[in-house]
Amino acid sequence: MKGSKLLIDKLKENGVDTIFGYPGGVLLPFYDALCESDINHILVRHEQAAAHAADGYARASGRVGVCLATSGPGATNVTTGVATANMDSSPVVVLTGQVPTAAIGTDMFQEVDTIGITMPISKHNFQPRSPKRIAEDIDKAFYIASTGRPGPVVIDLPRNVLEEEIDISSLTINTDIPGYKPTKKGNLKQIKKAINVINQSKKPIIVAGGGAILSDCGKQLYEFAKLANIPIATTLMGKGIISEYDELSLGMIGMHGIQTTNRALTECDCLIAVGCRFSDRSVSNATKFAPNATIIQIDVDPAEIGKTIHVDIPIVGDAKITLEEFINQMDKTDNANWTKELIAKKRDNEENISYTQIPLKPQECIKEIMEAVTADTIVTTDVGQNQMWMAHYYKTRNPRTFISSGGLGTMGFGLPAAMGAQFAKPDANVLAICGDGGFAMVSQELATIKENDLPVVVCILNNRYLGMVAQLQKLFNDHVYATKLTATPDFVKLADAYGIEGQRVEKVGQLRESIENAFKSREATLIDVAIDREELLPIVPPGQSLDKMKMTFDEE
Amino acid sequence: MTNKHTISILVENKTGVLQRIAGLFTRRDFNIDNISVGKTSVENMSRITITTYGDDKTLEQIIKQLNKLIEVIKVREMKPDQTIRRQLALVKIHAPTEEDKSEIIQYTNIFRGKIADVTPKTITVEITGNPDKINALIDLLRPYGIKEMTKTGTTAITRGQKTL
Ligand SMILES: Cc1ncc(C[n+]2csc(CCOP(=O)(O)OP(=O)(O)O)c2C)c(N)n1
């Protein structure tokens, strides 16, 4: 059997039904074998989109997403997506083509050191140098990508390895990795210590991050929170782990979080972090973060413990399994006063959004978006003000329905991630929220959407500038430079050019209607929303503690 | 407080492992003072010894981040009082007179070093041992004029019955 056939068989064995890819010369043997299999190959229009789509597929479904790029320029194009998946711990397997082993190191046509380039931005990478290694490396790659703290694994495939014949009857596969044994069960002694602290606390808060979503611990987390009556805040990556409409939900913390919640973090006496890495965007000033709290951290990655914040009680383990143990060990306790007060305060301070102006205020748009979606609508966001407006105002109801590039903040993520999510959940309504800048970085993917009849709805919050950067310039340097998008195309016409329904929204009420109709039609739709240039508020200025949120721009 | 630490790392012997480890130190702004790599008694396993400077928090992160690397099997900090540490140095010294030569040979003998080469104008000394001992000899030889010197990284093993 040829190496490429073995590769395809192995991919199938690992549950792969869809590959987002872009071909090239060295991949011809791969495509030869692929066309005889029933794996669905989605031809994207740029390799970066292939990686983001595989990432979106993984985040929406919890399964491993797979993408493919050719050697050299294909591999370098895919790297932004690898780094994006790495920062957000998304299980993605990235296949890249490589020149034949005999030519490696000779600067052959389209040769690049993919292993070297992706080493610092992936969880691991492999380069099988003989067809014998393919089976083992593929199995290991899927195992590594999807277990412990998930992440992207790159497999760099030299052309001859795909072409050579291999006798699979003599093949031995050893998938033991002596240095990789993730801890799943939290240490019982530490759990008991933590429960003790929780029982004695008067003002506890849970902060759930992306790790909670990845371990699918929503049910356990909620049960645990109910038992002790502890309110749940989340990071950007944790959005949806419990419904943000729930009475225990405190919404998002951090630089663009909820003011009441940020203040409560400064006040709390016990903080239980679940799968949250205390990133600077969530924590702001690490020395002033939760200064009065005993900090309990549950994380599957030991290296996250104590990395940025001093942790009093570390618990290494999978969040779901560990929380189950918490539930077993814990008696019902009651923090009703603190929780009730906090929730009430949060509700009172909830921004009362109602704007009737033209151009539309972004806050109004988010409100209409919320009215148009259902609990299982998957929204993806791009990066910038659009993302943070969504993060702040949009209430997510289910895990894996809010998909956003957190750690790397990759513009151009939203649209391809939405494509990937739509492939993972063909029946779901999928909505991509983009800025005009970020959308333009990947607008070519409208072709992929059209080609595959994906009913993705793209909503561009069009403020005709690079809003987030312009805002930062204004705030800190008092000027605006290189952020105007004066030659932005007519996005409705652009959609038309791709054969996609395009609409322009300018008035209150239109956006909601437009999205509802688009979902009903089950056809790809692009909605260009003319919004006002508006500041993103509230904001914690960099370096400040979380309770020092700025509510307006000119306040002292 | 910044301290010197010796870290011993057991790794799978695969291409790129050293690059992974060196890359990790660069990317996370950890420091490598010196490094030595060699095979172990077990096939397919190598041992890397790294000397590094950092406070306790940095050391903890270095160990944790190293442990995350898939090909890293074990990582240990080698406590100074329970560790045998060895380094090799070759030092070429300016020694134009017989008097210089005999003094250098005497010092070398005291430190249990060896004379590896002699020419009319130079003498080359080979010494292995604890890095402090090597530095002490080098300090003694410096006034004569060191023309060239090379040192290996430190390698280390635990005293007594304990193994990595
Ligand atoms: C690939 C990439 N390049 C640059 C940036 C820096 N950046 C962050 S937000 C932003 C502006 C985004 O503008 P737009 O897409 O129009 O969204 P808005 O902020 O206006 O909602 C930029 C340039 C980035 N995050 N990613």
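Think of each chain on its own: its residues are numbered from 1, step by step along the sequence as written. As a convention, the first chain written is A and the first ligand written is 1, with the rest following in written order. Given that the model is predicted, a residue must reach a pLDDT of at least 70 before its local features are reported, and side-chain atom pairs must reach 80 or more before they are shown or counted; all residues, however, enter totals for whole chains, interfaces and linings. As a convention, hydrogens and water are excluded, and side-chain values are obtained from all of the structure's heavy atoms.

All names here are of chain A. Secondary structure follows DSSP: runs of H or I at least 4 residues long count as helices, runs of E at least 2 residues long count as strands, and numbering of each begins at the N terminus. Position of N160 relative to the elements: it lies in helix α7 (residues 159-163). We classify N160 as buried; its relative accessible area is 14%. Taking C-alpha positions, N160 is 40 Å from D318, a pair spaced 158 residues apart along the chain. The term polar contact refers here to a pair of N or O atoms within 3.5 Å; inside protein, the definition further demands a hydrogen-donor-capable atom paired with an acceptor-capable atom, and it admits residues adjacent in sequence only when both atoms are side-chain atoms. Looking at N160, its side chain comes within polar contact range of the side chain of T101, at 2.8 Å. In this scheme, a residue with accessible area under 20% of its type's maximum is buried, one over 50% is exposed, and one in between is partly exposed, where area comes from a 1.4 Å probe on protein chains only.

Now for helix α20 (residues 467-477) of chain A. Residue and element names in this part refer to chain A. Inspection of α20 places G467, A470, Q471 and Q473 among the buried residues, and these make up the whole buried set. Projected onto a plane normal to the axis of α20, the buried residues spread over an arc of 160 degrees and lie on a single side. Of the surrounding elements, those touching the buried residues of α20 are α16 (385-393). In the stretch just after α20, D478 is the one whose phi turns positive, near 55 degrees. In this context, the arc is that of the directions from the helix axis out to the C-beta atoms. Note on contacts: a residue pair is in contact if any heavy atoms of the two residues lie within 4.5 Å.

Between chain B and chain A, the contact holds 18 residues from the first and 19 residues from the second. Think of a salt bridge as a Lys or Arg side-chain nitrogen and an Asp or Glu carboxyl oxygen that are within 4 Å of each other. Our enumeration of links across chain B and chain A arrives at one salt bridge. The partner of K68(B) in a salt bridge is D301(A), and the shortest N-O contact between them spans 2.7 Å. At the junction of chain B and chain A, the tally comes to six residue pairs in polar contact (both at pLDDT 80 or more). Looking at the side of chain B that touches chain A element by element, the count peaks at seven residues for helix α2 (residues 56-68) of chain B. Gly counts as polar in this scheme, as do all residues outside two lists: the nonpolar Ala, Val, Leu, Ile, Met, Phe, Trp, Tyr, Cys and Pro, and the charged Asp, Glu, Lys and Arg. For the side of chain B that touches chain A, a count of residues per class yields four nonpolar, five polar and nine charged.

Space inside and on the surface of the protein is sampled on a 1 Å grid over the protein atoms alone, with a cavity defined as a set of points where a 1.4 Å probe fits but cannot get out and a pocket as an open set with protein on both sides within 12 Å along at least 5 of 7 lines; lining residues have an atom within 4 Å of a point. Grid points are joined across faces, edges and corners, and a volume is the space filled by probe spheres set on the points. Looking at the second largest pocket, its volume works out to about 1,000 Å³. Considering the residues around the second largest pocket, the lining is formed by 39 residues, among which K123(A), D301(A), Q65(B), K68(B) and L69(B) are closest to the centre. Among the elements of the structure, α4 (73-87) of chain A together with α1 (17-27), α2 and β4 (72-78) of chain B are those that each provide at least two residues to the lining of the second largest pocket. Ranked by the residues each element gives to the lining of the second largest pocket, the list is headed by α1(B), at five residues. Counted by class, the lining of the second largest pocket contains 15 nonpolar, 12 polar and 12 charged residues.

What follows covers the sheet that holds strand β9 (residues 249-252) of chain A. Residue and element names in this part refer to chain A. A pair of strands counts as paired when DSSP detects no fewer than two bridges linking them. Ordered by their spatial adjacency, six strands build an open sheet running β9-β8-β7-β10-β11-β12, and the pairing between neighbours is parallel. The open sheet has two edge strands with one neighbour each: β9 and β12 (313-316). Each strand of the sheet is rotated relative to its neighbour by a mean of 15 degrees, with strand direction disregarded. Two elements, strand β7 (residues 204-208) and strand β10 (residues 270-274), share five bridges in a ladder whose sense is parallel. Bridging from a neighbouring strand, I206 pairs with I272 of β10. Only the stretch in contact is used when fitting a helix axis, every axis being a line fitted to C-alpha atoms; angles between N-to-C directions are given from 0 to 180 degrees. Running at roughly 50 degrees to β9, helix α14 (residues 336-349) makes contact with β7 and β9 of the sheet.

This part takes up the site of the ligand. All names here are of chain A. Summary of the distance rule: residues count as near a molecule or strand when at least one heavy atom falls within 4 Å of that molecule or strand. Residues in contact with the ligand amount to 17 residues; listed here are only the nearest, Q385, G409, D436, G438 and G467. Between G437 and the ligand, the recorded distance is 2.9 Å, taken from a backbone N or O atom to an oxygen atom. N463 places a side-chain nitrogen or oxygen 2.9 Å from an oxygen atom of the ligand. We get accessible surface area from the Shrake-Rupley algorithm with a probe of 1.4 Å; when it comes to residues, only the shown protein chains can shield them. Computed on the free molecule, the ligand has an accessible area of 590 Å², of which 77% lies beneath the protein chains in the complex. At the level of secondary structure, the elements contributing two or more residues to the shell around the ligand comprise α16, α18 (436-442) and α20. Its residues assigned to classes, the shell around the ligand comprises seven nonpolar, nine polar and one charged.

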